[in-house]
Amino acid sequence: MTILITGGSGFIGSNYILHTLATSDEPIVNVDLLTYAGNIENLASVQDDPRYTFVRCDISDAAKMGQILDEFRPRAVLNFAAESHVDRSILGPEAFVHTNVVGTFRLLQSTLSYWRGLLAEDQTGFRFLHISTDEVYGTLEHNDPAFSEQTPYAPNSPYSASKASSDHLVRAYHHTYGLPTLTTNCSNNYGPRQFPEKLIPLVLHRALCGEPLPVYGDGQQIRDWLYVEDHCRAINVVLAKGIVGQVYNVGGLNEQTNLSVVKLLCCLLDEARLRADGKSYAEQITFVGDRPGHDRRYAIDARKIERELGWRPQETFETGLAKTVRWYLENPKWVERVTSGAYREWTDRQYGEQPTGAI
Ligand code: NAD
Ligand code: DAU
């Protein structure tokens, strides 16, 4: 029994691997291209664990993915690999089409051909779990009901459009070819090892460096924040008990405006490490131009996964954010190596140029 993870060196994937190796005995193969978002150091603590194997590969390299599947014979493929940052998708959408659309399509093809070669009983137990986002549902007004699994897709950014496309392909591979798929659509994650381009780690890093804390537009956009380990638990519950072909929304029951998140982070930093001049980090908050096409509000109706599979978040925003702030304060080297680019040195030394086909 082995599970194959794609994109396991990124934020959620690495938290998932660490969580799952700590709570089960099953071997894990991590297939990751190691783009800027993939950091081999995220998994340094398990690199010598005999249950853990790393392979560098682009999910769109169908020939190599076919070989990897034949070699490791997983009972499940969990697809975390993606370009994940909305602002980058606005500046350079092509990489998002390459990985999120073409990559997912080719991974589905490779997996389908591997799955067809399995014995009947192994085919029945096999799962392809696709990790997706609430952003595929578009944007909500203040009083709209939260996104349910029935909400029509209305993606607004190149990122969410590419994820929506990948979700549709996953659905089609189940409906047309019978591939046993599962899809999760999750809200904003936060926690350790998140690349400091995303709001929470960006604010923590810039606050400690004495830099302005950029709040887009009026800061009244709303996101539903979920601690990353709760997302990892949800994925394992869906993998174990989810009904094939179904979609499960995952959320934190925790809607916050961006401005209140930034102010809360400033308060937590004030308590943990007061600024040298004794003033609050909130003094660094700066309103900047808005993100083009910025979605106003996301909210998740997570009643299906709770009712049918018994999952609920374990962390509150207070406990999760406290753990997150502590992790960033206790791991300044990780932050320094990521922000300076030093984390790429090992990857470049070990692997040289990116494999053919990579962006
Ligand atoms: P991330 O950007 O931190 O990590 C992505 C990982 O995928 C990196 O390790 C990268 O090297 C790898 N990768 C990129 N292109 C690849 C390719 N072509 N082949 C193989 N590997 C490749 O992303 P994340 O925040 O950990 O998100 C993981 C997944 O969860 C994504 O699918 C994302 O859409 C989804 N998601 C994220 C959030 C969130 O708040 N971060 C919320 C809901 C869903
Ligand atoms: O909802 C799930 C999605 O959450 C995931 O699918 C994405 O992969 C993930 O990146 C995240 O997308 P967001 O765009 O919501 O996350 P981000 O951290 O980039 O921004 C959160 C909010 O904060 C958003 O409304 C934009 C705003 N923001 C962001 C940054 C980086 C700022 O105001 N200032 C900033 O500097």
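Criteria and thresholds
- Residues numbered from 1 in each chain as written.
- Chains lettered and ligands numbered in written order.
- Predicted model: local features only at pLDDT ≥ 70, side-chain atom pairs only at ≥ 80, totals over all residues.
- Heavy atoms only, no water.
- Phe/Tyr/Trp six-rings, centres within 6.5 Å; stacked < 30°, edge-to-face > 60°.
- Helix = DSSP H or I, 4+ residues; strand = E, 2+ residues; numbered from the N terminus.
- Buried < 20%, exposed > 50% of the residue type's maximum accessible area, 1.4 Å probe, protein only.
- Lys NZ or Arg CZ within 6 Å of the ring centre and 35° of its normal.
- Contact = heavy atoms within 4.5 Å.
- Axes fitted to C-alpha atoms, helices over the stretch in contact; angles between N-to-C directions.
- Parallel < 35°, antiparallel > 145°, perpendicular 65-115°, else oblique.
- Left-handed = near helix turned anticlockwise from the far one by under 90°.
- Nonpolar A, V, L, I, M, F, W, Y, C, P; charged D, E, K, R; others polar.
- UniProt positions renumbered as here; feature names shortened; annotations may be inferred.

(A) How the structure looks around the packing of aromatic side chains. Tallied over the entire structure, the rule returns 15 aromatic pairs. Plain terms: the ring middles of phenylalanine 96 and tyrosine 159 are 6.3 Å apart, the flat faces sit at 85 degrees to each other, and that makes the pair edge-to-face. Within this pair, whereas phenylalanine 96 is found in helix H4 (residues 94-116), its partner tyrosine 159 is found in helix H6 (residues 158-177), the two being separated by 63 residues in sequence. Where phenylalanine 147 meets tyrosine 298, the ring centres are 6.3 Å apart and the plane angle is 45 degrees; that geometry is what we call tilted. Taken together, the positions of phenylalanine 147 in the loop between strand E5 (127-133) and H6 and tyrosine 298 in the loop between strand E12 (285-288) and helix H10 (303-309) put the pair 151 residues apart, joining distant regions of the chain. Residue classification places phenylalanine 147 among the buried positions, given a relative accessible area of 1%. Look at tyrosine 298 and you get buried, because its relative accessible area is 2%. Grouped by ring-pair contacts, the aromatic residues Tyr137, Phe147, Tyr153 and Tyr298 constitute a single cluster. Lying across the ring of tyrosine 36, arginine 88 places its NZ or CZ 3.5 Å from the centre.

(B) Up close: the side chain of threonine 99. Here threonine 99 shows up in helix H4. We classify threonine 99 as buried; its relative accessible area is 10%. Not counting residues within four places of it along the chain, the set of residues in contact with threonine 99 comprises Ile59, Ala81, Ala82, Glu83 and Thr104.

(C) Highlighting the packing of H4 against H6. Remark: H4 packs on H6, axes separated minimally by 8 Å, with the N-to-C direction vectors making an angle of 15 degrees. Taken together, H4 and H6 sit at an angle that is classed as roughly parallel. Along this stretch, H4 crosses H6, giving a crossing that reads as right-handed. Seen from H4, the contacting residues are Phe96, Asn100, Val101, Thr104, Phe105, Leu108, Gln109, Leu112, Trp115 and Arg116; seen from H6, they are Tyr159, Ser162, Lys163, Ser165, Ser166, Leu169, Val170, Tyr173 and Tyr177. A class-by-class count of the residues in the contact of H4 with H6 yields 11 nonpolar, 6 polar and 2 charged.

(D) How the structure looks around the UniProt feature "domain: NAD(P)-binding" (unreviewed entry) in the chain. As annotated in UniProt, the feature "domain: NAD(P)-binding" (unreviewed entry) corresponds to residues 4-324 in the numbering used here. A distance of 27 Å separates the end C-alpha atoms of residues 4-324, which is 41% helix and 17% strand.

(E) Structural detail: unusual backbone geometry. One non-glycine residue, arginine 73, lies in the positive phi region at around 45 degrees. Despite not being glycine, arginine 193 has its phi angle at roughly 70 degrees, a positive value. As for its placement among the helices and strands, arginine 193 is situated in the loop between strand E7 (188-190) and helix H7 (199-208). The buried category is assigned to arginine 193, whose relative accessible area is 18%.

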